[in-house]
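If you want the building blocks of each chain, they are given just below.
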Amino acid sequence: MKKKIKNNVYWVGKVDWELKKFHGDEYSTHKGSTYNSYLIQEEKIVLVDTVWIPFAKEFVENLAKEIDLSKIDYIIANHGEIDHSGALPELMKHIPNTPIYCTANAVNSLKGQYHQDWNFKVVKTGDKIDIGNGKELIFVEMKMLHWPDSMATYMTKDNILFSNDAFGQHYATEMLFNDLVDECDLFQESIKYFANILTPFNSILRKKLDEVISLNLPIEIIATSHGVIWRDNPMQIVKKYVQWANDYQENQITVFYDTMWNGTKELAERISEGISSEDKNVTIKIFNIAKGDLNDLITEVFKSKTIVIGSPTIGSSILHSVAAFIHYVKSMKFKNKKAAAFGCYGWSGESVKVINNLMLEAGFKIIGEGYRTQWNPNKDSKKAAFDFGKEIANS
Ligand code: FEO
């Protein structure tokens, strides 16, 4: 059933309460997600985005209960990824000639995924269509936010920005609007989404946010494609994005480790105590990488000014959990952060050097040479780990 957003604009999407993983298994969705699609019923009837493929039939059947599908004048595909375009093949069986407005890159992505030659209308920033009742839809390309094909659509008079993935969250709710949900949950899911999906595109995002803000469009509602619709102070999430896109960090040092026989875990705790003894104000968190959720860990890296990474030496290298974690950290292209390394070893002891080299490649400034100790930590090595923590706090 459609839900009213404002005047003649309705939500016709799908709430996916069961979703636990997104992008295959790459992104954990502890709180599910939504695929937001919007129906605009002005003099012209417009559908903005659709839903993910598994819900395509259900989506089209529900939509047909709300409107004669043949009456849809325009379809807007803000982004070609299948969580938003997934119902197009099913829908277009019913209305094969209806124009689909999207960017040139979206024509490529949609054709590449569905192998259909639909009636594409290519748009670029500033292009607009008249939808009657004195209202227009204006398109704004959002290249690399987060795909080359992404765009947003602005509806005049009602002042709604259909932002697609930008400003969204993987957050299942029937409540629809930001002022009706738990604020802590909402911001946790928002920052996790930004940290894991948008961080690599920070420099592009900064320019795009400046561009959108300088347009001075009155924005009363930001209608995202995932999670809640921002109607209460919608610019609050734009301001957060500006903050997050500027190489964000909090006064936080986070210790990440994996361990075989708890020696490296012991070092993690002593290092944390050393940091704490030297700086009473810094937030310190410790995570066992192998027991944590990779996307939640990345969110903690995002918030940190310094990360400390520990692994015992195995096979002249590091544990695979730590290697995978660092690989993911590197892909995020974090800027302006520091890293330090530690670990126990039995005989060869390469792990600290391996971590330092990998973190240097990942763009982090390395603190000192790291700390390693042979076999299980004794009184002296525990003290040395504590002192290394103090060095990290003072770096
Ligand atoms: Fe929500 Fe990039 O798709």
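Refer to the structure above for everything that follows.
A short tour of the structure in this document, coming up. Here the structure is a predicted model, which is why all the values come from computation and not from measurement. (Residues numbered from 1 in each chain as written. Predicted model: local features only at pLDDT ≥ 70, side-chain atom pairs only at ≥ 80, totals over all residues. Heavy atoms only, no water.)

### Notes on the nonpolar core
Put simply, the test is: To qualify as a nonpolar core, a set must consist of buried Ala, Val, Leu, Ile, Met, Phe, Trp, Tyr and Cys residues joined through side-chain atoms within 4.5 Å. For every residue, the accessible area obtained with a 1.4 Å probe (protein chains only) is divided by the maximum for its type, and the residue is called buried under 20%, exposed over 50%, and partly exposed between those limits. Bear in mind that the domain bounds are from an automatic or database domain assignment.
Within the largest apolar cluster, 88 residues are counted, with the highest numbers of intra-cluster contacts made by L63, F167, Y241, F325, M359 and F364. When residues are assigned to domains, this core turns out to be shared by domain 1 (3–244) and domain 2 (253–393), each giving three or more. One finds I5, M151, A172 and L176 within the second-largest nonpolar core, a separate group that totals 26 residues.

### A few points about the sheet that holds strand β11 (residues 120–122)
This is how it is decided: At least two DSSP bridges between two strands are needed for those strands to be called paired. Elements are defined by DSSP. Helices are runs of H or I of four residues or more, strands are runs of E of two residues or more, and each kind is numbered from the N terminus. To obtain each axis, a line is fitted to C-alpha atoms, and for helices this fit is confined to the stretch in contact; angles are then taken between N-to-C directions over 0 to 180 degrees. The contact definition used throughout considers only heavy atoms, calling two residues in contact when any of these lie within 4.5 Å.
Read from one edge of the open sheet, seven strands run β1-β2-β7-β8-β9-β10-β11, paired in mixed fashion. Each edge of the sheet is formed by a strand with only one pairing partner; in this case those strands are β1 (3–6) and β11. Shown here is a sheet whose adjacent strand axes are inclined to one another by a mean of 25°, direction ignored. Contacts between helix α4 (residues 104–114) and the sheet are confined to β10 (100–102) and β11, with β11 contributing the most and set at about 150° to the helix.

### Looking at the sheet that holds strand β16 (residues 221–224)
Spatial strand order, β12-β13-β14-β15-β16: five strands in an open sheet with mixed pairing. Unpaired on one side and paired on the other, β12 (128–132) and β16 mark the two borders of the sheet. Strand-to-strand twist across the sheet, computed as the mean angle between neighbouring axes with direction ignored, equals 20°. Summarising the sheet, strand β13 (residues 135–141) and strand β14 (residues 151–155) pair through five bridges and their orientation is antiparallel. Pairing of F139 across the sheet is with T153, part of β14.

### Section: the environment of G263
Mapped onto the secondary structure, G263 falls in helix α8 (residues 263–278). Using a relative accessible area of 5% as the deciding quantity, one classes G263 as buried. G263 sits 49 residues away from P312 along the chain, and the two C-alpha atoms are 8.0 Å apart.

### Overview of helix α12 (residues 379–394)
We apply this condition: An expected span of 1.5 Å times one less than the residue number is assigned to each helix. To be clear, the arc concerns the directions from the helix axis to the C-beta atoms. Think of a polar contact as two N or O atoms within 3.5 Å of one another; within protein, one of them needs to be a possible hydrogen donor and the other a possible acceptor, and neighboring residues in sequence only count if both atoms come from side chains.
For α12, spanning 16 residues, the distance from its first C-alpha to its last is 23 Å, which sits close to the expected 22 Å at 1.5 Å a residue. All of the buried residues along α12 are S381, A385, F388, G389, I392 and A393. Down the axis of α12, the smallest arc covering the buried residues is 145°, so these residues share one side. In α12, the exposed residues that point more than 90 degrees away from the buried face are K379, D380 and N394. At its buried positions, α12 is contacted by β17 (252–257), α8, β19 (306–310), β20 (338–345) and β22 (371–374). The N-terminus of α12 is capped by N378, whose side-chain oxygen sits 3.0 Å from the backbone nitrogen of D380.

### A short note on the pairing of strand β15 (residues 160–164)
Of all the five residues making up β15, five are buried; the element is thus mostly covered by neighbouring parts of the structure. Side-chain alternation along β15 places I160, F162 and N164 on one buried face and L161 and S163 on a second face that is also buried. Note: β14 against β15, three bridges, orientation antiparallel. Pairing of Y154 across the sheet is with L161, part of β15. Linking β14 to β15, which pair antiparallel, is a turn of four residues; within it K157 sits at a positive phi near 70°. Direction of pairing for β15 relative to β16: parallel, over a ladder of four bridges. Paired with I160 across the two strands is I221, which belongs to β16.

### Focus: the pattern of salt bridges
Spelled out, the test is: When a carboxyl oxygen of Asp or Glu is within 4 Å of a side-chain nitrogen of Lys or Arg, the pair counts as a salt bridge.
Taken as a whole and judged by the stated rule, the model has 23 salt bridges. In this structure, K135 and E42 form a salt bridge, with 2.8 Å as the shortest nitrogen-oxygen distance. Taken as a pair, K135 in strand β13 and E42 in the loop between β7 (38–41) and β8 (45–48) lie far apart in primary sequence, 93 residues in all. Like E42, K135 is buried. The shortest N-O distance in the salt bridge between K135 and D158 comes to 3.2 Å. Here D158 lies in the loop between β14 and β15 and K135 lies in strand β13, a separation of 23 residues in the sequence. Among the residues examined, K135 registers a relative accessible area of 8% and is labelled buried. According to the relative accessible area criterion, D158 is buried, its value standing at 2%. Here the residues in one salt-bridge network are E266, R270, E273 and K382, joined through shared partners.

Just geometry here; none of it tells us what the structure is for.
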